[in-house]
Protein chains: 2
Amino acid sequence: MSTVNRQIVLASRPTGEPTVDNFKLVEAALAPLAEGEVLVRNHYLSLDPYMRGRMNEGKSYAQPQPLGEVMIGGTVGEVVESRNAHFKPGDAVVGMGGWQEYLRVNADQRGVLQKVDTTHIPLSAYLGAVGMPGVTGWYGLTQIINPKAGETVVVSAASGAVGGAVGQLAKARGCRAVGLAGGPDKCAYVVNELGFDACIDYKQHPDVKSLSKALKEACPDGIDGYFENVGGMILDAVMLRANAFARVAMCGMISGYNGEPIPMSAPQLILVNRMRVEGFIVSEHMELWPQALKELGMLVATGKLKYRETVADGIAAAPQAFLGLLKGKNFGKQLVKLV
Amino acid sequence: MSTVNRQIVLASRPTGEPTVDNFKLVEAALAPLAEGEVLVRNHYLSLDPYMRGRMNEGKSYAQPQPLGEVMIGGTVGEVVESRNAHFKPGDAVVGMGGWQEYLRVNADQRGVLQKVDTTHIPLSAYLGAVGMPGVTGWYGLTQIINPKAGETVVVSAASGAVGGAVGQLAKARGCRAVGLAGGPDKCAYVVNELGFDACIDYKQHPDVKSLSKALKEACPDGIDGYFENVGGMILDAVMLRANAFARVAMCGMISGYNGEPIPMSAPQLILVNRMRVEGFIVSEHMELWPQALKELGMLVATGKLKYRETVADGIAAAPQAFLGLLKGKNFGKQLVKLV
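Residues numbered from 1 in each chain as written. Chains lettered and ligands numbered in written order. Predicted model: local features only at pLDDT ≥ 70, side-chain atom pairs only at ≥ 80, totals over all residues. Heavy atoms only, no water.

A. Expanded view of the interface of chain A and chain B. On the side of chain B, 29 residues touch chain A, which itself brings 29 residues to the contact. Carbon and sulfur atoms make up 63% of the area that chain A and chain B hide from each other, which totals about 2500 Å². At the junction of chain A with chain B, the criterion picks out three salt bridges. When the shortest N-O distance is used, the salt bridge between Glu284 of chain B and Arg274 of chain A registers 2.4 Å. (Contact = heavy atoms within 4.5 Å. Buried area = accessible area lost by both parts, 1.4 Å probe. Salt bridge = Lys/Arg side-chain N within 4 Å of Asp/Glu carboxyl O.)

B. Highlighting the packing of helix α5 (residues 208-218) of chain A against helix α6 (residues 233-240) of chain A. Residues and elements named next belong to chain A. Axis separation between α5 and α6 bottoms out at 9 Å; the angle between their running directions is 50 degrees. In terms of orientation, α5 and α6 fall into the oblique class. Relative to α6, α5 is oriented so that their crossing is right-handed. From α5, Val208, Leu211, Ser212 and Leu215 reach across to α6, where they touch Met233, Ile234, Asp236, Ala237, Val238 and Leu240. Taken together, the residues of the contact of α5 with α6 break down into eight nonpolar, one polar and one charged. (Axes fitted to C-alpha atoms, helices over the stretch in contact; angles between N-to-C directions. Helix = DSSP H or I, 4+ residues; strand = E, 2+ residues; numbered from the N terminus. Parallel < 35°, antiparallel > 145°, perpendicular 65-115°, else oblique. Left-handed = near helix turned anticlockwise from the far one by under 90°. Nonpolar A, V, L, I, M, F, W, Y, C, P; charged D, E, K, R; others polar.)

C. Quick peek at the side chain of Asp201 of chain B. All names here are of chain B. Counting through the fold element by element, Asp201 comes out in strand β10 (residues 198-201). Put simply, Asp201 is tucked away with no salt bridge, and the nearest opposite charge, on Lys203, sits 6.3 Å away. Only 2.8 Å separates the side chain of Asp201 from the backbone nitrogen of Gly183, close enough to count as a polar contact. Within the structure, Asp201 has its side chain in polar contact with the backbone nitrogen of Lys203 (distance 3.0 Å). Excluding residues that lie within four positions of it along the chain, Asp201 makes contacts with Ala181, Gly182, Gly183, Pro184 and Cys187. (Buried < 20%, exposed > 50% of the residue type's maximum accessible area, 1.4 Å probe, protein only. Lys, Arg positive; Asp, Glu negative; His and termini not counted. Polar contact = N/O pair within 3.5 Å; in protein donor to acceptor, adjacent residues only side chain to side chain.)

D. View of the environment of Pro267 of chain A. Summarising the element assignment, Pro267 of chain A is placed in the loop between β12 (242-250) and α7 (268-272). For Pro267 of chain A, a relative accessible area of 1% gives the class buried. For the pair Pro267 of chain A and Val154 of chain A, spaced 113 residues apart in sequence, the C-alpha to C-alpha distance is 19 Å. Look past the residues within four positions of Pro267 of chain A in its chain and what remains in contact with it is Met239 of chain A together with Met250, Met253, Ile262, Pro263 and Met264 of chain B.

Written as structure tokens, this is what we have:
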């Protein structure tokens, strides 16, 4: 076993678009375990859009990522050493291990490390469809949009880990599911593999008018629910096609992460259409995770919830992979494989 | 009794700001009553911001006001003739009588005409605090904002019929109530007579930054609920001071009624603050009116819910009074006195 832990720390805060120079690879010595601690070798690191927000200073729903410290992030891995009665070497676990090869953690704190079953569900899925992204899609769809069978649900970033779950869960509830994604390959995947009814390539639509027209064609009965991952022009276009009492679950506004203004052009449509627009953060609703994970795990184990992964190789590749994710270069869940 | 009914019809649709030329005074003969019909002499006509929306063509939550027909509107009056067993001359009634001196209506249709008690509540109050505006404030406050004691509720157009009710109902629930109104007289009234904790004169604040600073001072614990009557810069400023899980009841966007763009500058704050922004139309929630009117009527009858009225004289004065209302020239509920 190695005695060196390679880590990525936040070296500086981005001004506008982040670059690889905002990150730094460092090596730390692996100290011996204290009583109660567990050493996990991280197999996969999860890269997620929310991490971009943490790189900024200033008011947000979460504390900023401290400079010089290991970037936060979800991980799955295997226990390699344990001084905790609840964990033994060989256990597959999920946790917030951060951008590093090893996680040393006191596992007595409830929830800090969860054992997972890899008999029917691949380990990496616990970072995607059966993890935070899947639960995020589940929460916004079931708790905010709460669609009835026959309603139309639209989701942006539809080929991603969150968006893919939203659409498939909507289909399972008898809804029409319409995605938005960037490029013909992603759109074909969303329809042919994930089973959405339609998918719009937003890159083919330079303005709101054009996109709104495409939405009209894809949503002949209007839009009852929208799961927002992107913000900006897409939200404007969706609002033009919203039905009375439409619900918008606001999960991400990736188009404004670098500080670009992303105004909502016509908020009066919230009134005209009696819409409900609600922001949420899935980690504030831990009481619903067991219910969500049960449904998601069952669907993945039985092959009914499909997903795709883009896998970068090795901890040093994490910053570049993360920057690619922010530009939509990934296809499905973005992971970094460490073992 | 007169045999002539003077009416205001919509003569043309406004392009931008409406003018008196969009309206026309006409005289109609009063035909004899058919079986089931009631003739009401309208004592007061209600003027409300929603009527501006009806003057436009195009998609909205309601049908546009047809050209050449009597402008819609709530009225209170007295039955002067009846061929309906449920109504007799002398009955005080509230209905949607429109901008005219007399209403002839088949009163068998449920809800078209309501008898009201004027022993403890003035007749005109049924168009304001104990009518549609009061219920509007009640609905947005209790069903959308639903504040807990100790929370801070902000309302725009605070000296108006809706806003005044929102703040006083919030105070009755143990909240801090902060108003926004135009000019020192209205602000003094909101604090000294209506009992709000503070009121900001938005005319003193040329930009979002300045208004946001004033809100910070008036709301030292942030904003938990906002009742939106106006839109535009005020909404932007409020969102900058919103607490986590703040609720916005979107009732009116008067600043955009003439087609001006009124973008929401930073919708990402809905996500950052996990806000809920919800539009509503009070006429879609008739099942709650009895409960609302019971509370409002009791508060008005016992002098605990205060309001002010601006009264224009005679049907011919209605258009000018309505245009003044849209510019905030009224002080409290805008009425037209017809008798």
